[in-house]
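Observations on chain architecture
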Amino acid sequence: MEKILTHTGIGVPLRQSNVDTDQIIPAVYLKRITRTGFEDALFAGWRRDENFILNQAPYNKGSVLVAGPDFGTGSSREHAVWALKDYGFKAVISARFADIFRGNSGKQGLVAAEVAQGDIELIWKELENNPGTTVSVDLESRTVQCGSISAPFQIDDYTRWRLMEGLDDIGLTLQQEDAITAYEAKRPEFKPKTLPAQTAG
Amino acid sequence: MSAMQSPQTLAEKVWNAHVVSPGEGEGEARKPDLIYIDLHLLHEVTSPQAFEGLRLAGRQLRRPDLTIATEDHNTPTLEIDKPIADLTSRTQINTLRDNCKEFGVRLHSLGDKEQGIVHVVGPQLGLTQPGMTVVCGDSHTSTHGAFGALAFGIGTSEVEHVMATQSLSLKPFKTMAINVEGTLKPGVTSKDIILAVIAKIGTGGGQGYVLEYRGSAIRSLSMDARMTICNMSIEAGARAGMIAPDEITFEYVKGRPHAPKGEDWDAAVADWKNLHSDEGATFDAEVFLNADELEPFVTWGTNPGQGVSLSQNVPSPEDYQDENDRKACERALNYMGLTGGTPMKDIRVDTVFLGSCTNSRMEDLRAAAAVIKGKTKDPNVRMIVVPGSARVRLEAEAEGLDQVFKDFGAEWRFAGCSMCLGMNPDQLEEGERCASTSNRNFEGRQGKGGRTHLVSPLVAAATAVRGTLSSPSDLAASPVAV
């Protein structure tokens, strides 16, 4: 994973709450077996509407999405994060993220920055009044900057550290392989195994 | 562990029993615990990129014997003996088959007697048991919490992580008690409980929490009904939902293909009997609901929190103080083609869908069949009945339920996720309105432009008779079976 310390790019105001992952990427695009190439699928339903924010310049060149609360609810599909990244987004700002979406973002190097709704309202106004204004997301100081607005954001320490170091999760865990093996030796006998397969006949 | 340990919640007990190594540090700076995973469920949609990741890194699947796969999201529910018509769907299914073969994973393919929706298959085989940790690249993994398991959905990166390490790095969840006391009225089901819970706490209310459903109304529910409740925990934003196991749970598990046997059974039950929140255990949050007051509950909008009792009216934007809420209501009404103030019971539907990992088990099919038996379907409504698994389909046919549905004029399909999500041929047309026993009423969820009302199987059945959103009590002289 690439290291991220700070990112600055055009902010995209998405004045909507409860943006679920079915909106971020409709299920019909989940049939692919690759991990990249989902840029066309991002908000595919909404992009059919020419007034949708990503169909307007300069927002179509945006890389920081500023959304309403409860972003990324619903389905666990990591494709939602892949689609945002493939389109060019490096960070999403919201007052509240769904847990699975936030986890998926951290694994894929997309910054999910939790900013108070009051500050988001100010950033929305700034981005709407001055299209093309950039938003900076700085992991070191945990602040977002937009025009004259500066606001703190929350992100858990562990995710922040991994993003800033660009660490691979599986590699980290495999350093503890002995502990996993030791745990396995102590698991109760009655715990089920899928193999050999038993069926009701 | 000392006998004087402080009281723990159910979720904490299961968590603590699975810590491979605790995270270093204190307070906010504490790193995640490494948690062991007892069962990993796979399906075709969220696994291909994870298998590919393993291959590219030259890593092994650590525990094929704790892993099982089935085909459900993409699969058609008609003509399942023919090759899948949609090429990308077919490729995804074939990719799963190739991957399972290469990595030695047990797979129940389309046409197999154990194939079905992943969250129906696990419990049915007896692979889901109390006190386990269960994960799957699917948010409705919360279903398995009905057994007192800690079960939650994960993204594809985490799927790959579990494949390689049989563990996950996680920060402990907070706990929320959902207390439901009292007795449900006839015609009110566990689906109505969970829809009412979501409307009460909101789609973000459960974020960061494991919900534990407790109280007399929960304890009286069957396993099928408990699975319906836990299934939709994610719609309240919660990662997982749990119910303490009891005799009803043990009775369900006993004798299933992968249930412990002989001495193992006794050891298991002795262990499972400790799986409840201790007297004096503290939850981070608590919610109370009176079961006596609940009525059939249905959604009017485009997220599962936008619901009301069936006897109420569609809300109006003016009902909301907050500007963002008002806009959300306006937008939802516009998408749904509804006007504020319309009685819910006046809403006419085109389609009724009985199925999905929420409501496709035997009890759901029996309840719906009892409502429609001997009645005539509204001629303008199409009804699709999709059993959750091939096994459920066989059982239902052995009881003659298929005939009840067919006589009524409903379509009796093969098992799969079907119309719950627009990934297979079963989809709504643009503007089509559906009373659906599934779990999500998001824009376009059941097909581009489709409009979804989430309902219980009883409401689905009564709606198919009348053509408008209805409960069994709206049907003249109809004895209600549940």
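These numbers come from a predicted model, not from an experiment. (Residues numbered from 1 in each chain as written. Chains lettered and ligands numbered in written order. Predicted model: local features only at pLDDT ≥ 70, side-chain atom pairs only at ≥ 80, totals over all residues.)

Turning next to the overall build of chain B. Regarding its fold elements, chain B presents 15 helices and 19 strands. By its C-alpha atoms, chain B is 60 × 55 × 45 Å across when sized along the principal axes. For chain B, with 482 residues in total, the buried portion stands at 60%. Considering only intrachain contacts with a sequence separation of at least 6, the fraction spanning at least 24 residues in chain B is 75%. (Helix = DSSP H or I, 4+ residues; strand = E, 2+ residues; numbered from the N terminus. Buried ≥ 20, exposed ≤ 12 C-beta atoms within 10 Å, placed from the backbone. Contact = placed C-beta atoms within 7 Å.)

What follows is about the overall build of chain A. Assigned secondary structure in chain A consists of eight helices and seven strands. Counting only C-alpha atoms, chain A reaches 65 × 40 × 25 Å along its principal axes. Evaluated residue by residue, chain A yields a buried proportion of 45% over its 201 residues. Within chain A, contacts between residues at least 6 apart in sequence are counted, and of these 71% link residues at least 24 apart.

All names here are of chain B. For chain B, mean pLDDT is 96; residues scoring 70 or higher make up 98% of the total. Taken together, the stretch residues 478-482 has pLDDT below 50 and engages in 13 contacts with residues farther than four places along the chain or on a different chain. Interface confidence in the predicted complex, given as ipTM, is 0.94; pTM for the same model is 0.96. (pLDDT = per-residue confidence, 0-100.)

Before going further, it helps to spend a moment on helix 14 (residues 401-408) of chain B. Residue and element names in this part refer to chain B. Buried within helix 14 are the following residues: Leu 401, Val 404, Phe 405 and Phe 408. Seen along its axis, helix 14 keeps its buried residues to an arc of 95°; they face one direction. As for helix 14, its buried residues are in contact with helix 12 (362-372), strand 16 (382-385), helix 13 (390-398) and strand 17 (411-412). (Arc of directions from axis to C-beta.)

For the rest of this paragraph, the subject is the sheet that holds strand 6 (residues 133-136) of chain B. Residues and elements named next belong to chain B. Strand order in the open sheet formed by five strands is 5-4-3-6-7, with parallel pairing between adjacent strands. Only two strands of the sheet have a single partner each, and these edge strands are strand 5 (106-108) and strand 7 (150-153). Each strand of the sheet is rotated relative to its neighbour by a mean of 20°, with strand direction disregarded. As defined by bridge partners, strand 3 (residues 39-42) adjoins strand 6 across three bridges and the pair is classed as parallel. Residue pairing in the sheet places Leu 39 in a bridge with Val 134 of strand 6. (Pairing = 2+ DSSP bridges. Axes fitted to C-alpha atoms, helices over the stretch in contact; angles between N-to-C directions.)

Turning our attention to the sheet that holds strand 8 (residues 167-170) of chain B. Read across the sheet, three strands follow the order 1-2-8 (chain B) without closing on themselves; strand pairing throughout is antiparallel. Each edge of the sheet is formed by a strand with only one pairing partner; in this case those strands are strand 1 (19-21) and strand 8 of chain B. Each neighbouring strand pair of the sheet contributes to a mean axis angle of 40°, computed without reference to strand direction. Strand contacts of helix 8 (residues 177-186) of chain A: strand 1, strand 2 (33-36) and strand 8 of chain B, with the helix running at about 145° to strand 1 of chain B, the strand carrying the most contacts.

Side chains B:Thr67 and B:Ala69 project from strand 4 (residues 67-70) of chain B onto one buried face, and the interleaved B:Ile68 and B:Thr70 project onto a second face that is buried too. Assessed by its sense of winding, the connection that carries the chain from strand 4 of chain B through helix 3 (residues 87-103) of chain B to strand 5 of chain B is right-handed. (Right-handed = clockwise from strand over helix to strand, strands pointing away.)

With that settled, the discussion passes to the interface of chain B and chain A. In this complex, chain B contributes 73 residues to the contact, which on the side of chain A involves 54 residues. When residues of the side of chain B that touches chain A are assigned to their parent elements, the largest contribution, seven residues, is made by helix 5 (residues 156-165) of chain B. Of the residues assigned to the side of chain B that touches chain A, the class counts are 21 nonpolar, 33 polar and 19 charged. (Nonpolar A, V, L, I, M, F, W, Y, C, P; charged D, E, K, R; others polar.)

Next up on the list: the packing of helix 6 (residues 190-201) of chain B against helix 8 (residues 223-231) of chain B. All names here are of chain B. It is at 8 Å that the axes of helix 6 and helix 8 come closest, and there the two elements cross at 20°. Taken together, helix 6 and helix 8 sit at an angle that is classed as roughly parallel. With respect to the hand of their crossing, helix 6 and helix 8 are arranged in right-handed fashion. When helix 6 is examined against helix 8, the residues Ser 190, Lys 191, Ile 193 and Ile 194 are found in contact with a partner set consisting of Ala 225, Arg 226, Thr 228 and Ile 229. When its residues are assigned to classes, the contact of helix 6 with helix 8 shows four nonpolar, two polar and two charged. (Parallel < 35°, antiparallel > 145°, perpendicular 65-115°, else oblique. Left-handed = near helix turned anticlockwise from the far one by under 90°.)

For the rest of this paragraph, the subject is the nonpolar core. Counting 155 residues, the largest nonpolar core has B:Val352, B:Ala368, B:Ile372, B:Val459, B:Ala460 and B:Ala461 as the members making the most contacts within it. Among the nonpolar cores identified, the runner-up in size contains 46 residues, and A:Val19, A:Ile25, A:Ile100 and A:Val111 belong to it. (Core = buried A, V, L, I, M, F, W, Y, C linked by C-beta atoms within 7 Å.)

The subject of this paragraph is the pairing of strand 19 (residues 451-454) of chain B. Residue and element names in this part refer to chain B. Residues of strand 19 alternate between two faces, with Arg 451 and His 453 on one and Thr 452 and Leu 454 on the opposite face, all of them buried. Summarising the sheet, strand 18 (residues 433-436) and strand 19 pair through four bridges and their orientation is parallel. Residue pairing in the sheet places Cys 434 in a bridge with Thr 452 of strand 19.

All names here are of chain B. Inspection of the secondary structure puts Leu 289 in strand 12 (residues 285-290). Among the residues examined, Leu 289 registers 19 C-beta atoms within 10 Å and is labelled partly exposed. Here the alpha-carbon distance between Leu 289 and Gly 215, two residues 74 residues apart in the chain, equals 9.5 Å.

Moving on, we come to the packing of helix 3 (residues 79-87) of chain A against helix 4 (residues 99-108) of chain A. All names here are of chain A. Two elements in contact, helix 3 and helix 4, have axes whose closest approach is 9 Å; the angle formed by their N-to-C orientations is 50°. Our classification of the angle between helix 3 and helix 4 gives oblique. Here helix 3 and helix 4 pass one another in a crossing that is right-handed. Contact with helix 3, carried on its side by Ala 80, Val 81, Trp 82 and Lys 85, involves Phe 101, Asn 104, Ser 105 and Gln 108 of helix 4 and no other residues of that element. Of the residues belonging to the contact of helix 3 with helix 4, the class tally is four nonpolar, three polar and one charged.

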